[in-house]
Every structure is written in C-alpha cells, then in structure tokens.
Amino acid sequence: MYSLRLIFKNAMRHKLRTGLTVLGLVVAIFSFGLLQTVVDAWYAGSEGASNTTLVTRNKTSLVFPLPLSYQARIRAVPGVTGVGYANWFQGIYKDPKNFFAQFAVSGESYLNIYPDYLLPADQRAAFLHDRKGCIVGRKLADQYGFKVGDTIPLKGTIYPGNWELVVRGIYDGRQSSTNTATLFFHWDYVNETIKKIIPRRANQIGVYVVQINQPENAAAISAAVDREFANSLAETLTETEKAFQLSFVSMSEAIVVAIRVVSFVVIIIIAAVMANTMAMSARERLGEYATLKALGFGPGFLSLMIFGESMLLALVGAAIGIALLFPFAVFLGKVMGTMFPVFQVSQLTVLLQVAAALVIGAVAAIAPTIRAVRINIVDGLRSIG
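None of these values were measured; they are calculated from a predicted model.

Caption draft 1: Region of the structure containing the overall build of the protein. The helix and strand tally for the protein stands at 15 helices and 12 strands. Taken along the three principal axes of its C-alpha coordinates, the protein extends 95 × 45 × 35 Å. Of all intrachain contacts in the protein linking residues separated by at least 6 positions in sequence, the fraction that spans at least 24 positions is 80%. Looking at the protein as shown, the accessible area adds up to about 19,400 Å², and 62% of this sits on carbon and sulfur atoms. Positive and negative side-chain charges in the protein, numbering 34 and 24 respectively, have mean positions lying 8 Å apart.

As structure tokens, this is what we get:
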C-alpha cells in the first residue's frame, strides 16, 4: 500500500507533464480502438455467417445469373435441408445518396434459412401473403422512419421501372451482430413484371442460399452441387457463406491493411512519447535513486517505482480512452447508417487496447529502470543540487 501511494505521488509531481502524457495515451488508445472497430465492421458480414449455409453462384462471375429451375435440383442433393434464392436489386429510394441493401428473395424459404432475423408471427404472415410486401431491418427503419404499412417507392436500376413496396414487418436481430440494415421483398413481384418487359431476363436469380444438415459436410455438399451442373450453360460455384462474404472484403483488402498499419503506428508513436516522458522523470530523480540505494533499497524497489509509475499512466490513459470509445462508436454507427450495418466495439478490441497500454507502459519504463539500477551512488549524489 505504501508503494502504491509513493508511485501515485511520483506521477503527480509534474501535473502538467503527467496530464499531457495521459492525454496523449487517451488519444492513442481511443484511435487504436476506433480503427480496430472499423476493421471489425468491415468483416462483420463474414463473422456473422452461418456455418450451415452455403452460397451457390454462377461459376463465371457473380454478375451472371442462374436459372430458377436449379432450385429443385439443388434441393435434391443429399445433405441439403433447405434452398432459397436472392437477387441484388439496387433500387433508388428518393435520392441516389439514400443507399441501402435491397434483396428480392424467395420469401418463406429464404426466411427459414436465416432464423437470426426475428419477425413477429403476424408480420411474417402479412409479408408472405402480400406479393408487394417487404420487411426492413430495425436499423434501416430507424434511419428512414419506416413504419409498418408505409409504402416505399424504389426506382429500379438493374431492373427498370418504378416499384412500390409496402412495409409488412420490421425485423430485429437475434444477436447484436445481426445485420438489421437490409430490405427484403418478393422476387415473384419483380419476376412477373420482367416477364412482360424483358422476357429473356425472367426466371433467373443471382444466388442460391443452401442450408445443410451438418457443417462438416459443407465441402462434400458443395462439390456435389457443382457436379450437378457441370458442363451446363450455367456452371456453378458453391462455397460457404463466410467464404462468399470474404470474397467481397478481399476487394478492399488494401484499405483494411492500411487501417491496421495506421492503428499500430499510432501505438508505436505514443510509446516513443511515453518513453521520453519516463526518461525525463528518471533524469530528474537520479539523486533520489542514489539516496535510496545508499539507504539499502535494492534494484527491485527502484524498478517497482519506475515501472509502477509508467504502468499507472498507461492504464489511466487506456481506461479513459476505452470509456470514450463506446459512446463514440454508438454515435458513429448512427451517423454512418447503413454504410456499416454492424458497428460495435468487440471484446477483443478492448483486450487489444489494454494489451497495447501494458506494452506501452512496459517499454517506456525499460531504459529509465536500467539507468536507475546501474547508477553509482556517488555519481548519483553529486547530481543533487
């Protein structure tokens, strides 16, 4: 207890220097955590992917569709327990800047594959019985003020025309990491119109989502599905949902790597600043360290004083930085809206922040501790005055 009091008093000798050092640590730990949270948000889709869901797309490219007739054949593959499908719609809601994910899906079969979308039974029934009905995620509804019964007008880009959808339900996520910033509606509504205006594009879908019985059978079932359509006009590529999501993340991998590098550069810079602060403190106290050695205090006590002060500053800065990160992440998540459907501080990020603070504190104390331990008593006492 006496040692802790002495460490605290040493840290508070130069209040301005201590305050500025802690402020620098706060900014560094906060920035590190925020950048790590941005990276986590980038990977949120793949991390939330189910291990019992596969995605089947056109082998050539995702931009090429697959025939609707493939659904029954995929369902017949051993190990498959459910099949749904989805088309990326990309409609404009009032203004092009109002961008959010929109999928035209197979209705009930699609919802059955994603139980993490929590929808009240009456709203689910209303959606399934209304061909023009749609469901929207809670985050999306909050951002644009959508309510059950509202009509959402969309101007088609991939599928031309003006489409009016009626909100029949608002879904929540079973977990905080569930994407609730998406709009789903019936592909049948689009398909029946496409048959009239662009017949050659009718009865074609973007991807199939395939539910399987056991995650360990994913590779075998994927191969079986692809064999089913080998040498056809539209060969398939089937992969896990996580691998499918990661293929999109890989397109911006350079940005993700840059963000990670910057986050660690911030830590290195503040470690250098912290080391300089501790070195200044040690130089000012050489006479005190020599006196303590003359009184019989050993290297262990001197090391405790220096490391203790460095760790105290690092942990105080980390605590404030972490505390500020949580409300700021909530604010930023609301501001960014659907750009990052899931934006939250993970437990791993907090642990990395604490670990970074401990490393900074330890590294900054090494050189001053070595100097204090090695100082000659006579030379140290000469520095007094």
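Still to come is the rest of the account.
Caption draft 2: Main features of the side chain of threonine 180. For threonine 180, the location among the structural elements is in the loop between strand E8 (161-173) and strand E9 (182-186). With sequence-adjacent residues up to four places away left out, threonine 180 is seen in contact with Gly137, Arg138, Lys139, Leu140, Tyr171, Asp172 and Gly173.

Caption draft 3: Spotlight on the pairing of strand E11 (residues 207-212). Across the 6 residues of E11, 5 count as buried, placing the element largely inside the fold. With 4 bridges connecting them, strand E1 (residues 53-58) and E11 associate as antiparallel partners. What sits directly across from valine 55, in E11, is valine 209. Note that strand E3 (residues 80-88) and E11 share 6 bridges and pair antiparallel. If you follow alanine 86 over to E11, its bridge partner there is valine 207.

Analysis parameters
Residues numbered from 1 in each chain as written. Predicted model: local features only at pLDDT ≥ 70, side-chain atom pairs only at ≥ 80, totals over all residues. Heavy atoms only, no water. Helix = DSSP H or I, 4+ residues; strand = E, 2+ residues; numbered from the N terminus. Contact = heavy atoms within 4.5 Å. Areas by Shrake-Rupley, 256 points an atom, 1.4 Å probe, with all protein chains shown as cover. Lys, Arg positive; Asp, Glu negative; His and termini not counted. Charge placed at Lys NZ, Arg CZ, Asp CG, Glu CD. Buried < 20%, exposed > 50% of the residue type's maximum accessible area, 1.4 Å probe, protein only. Pairing = 2+ DSSP bridges.

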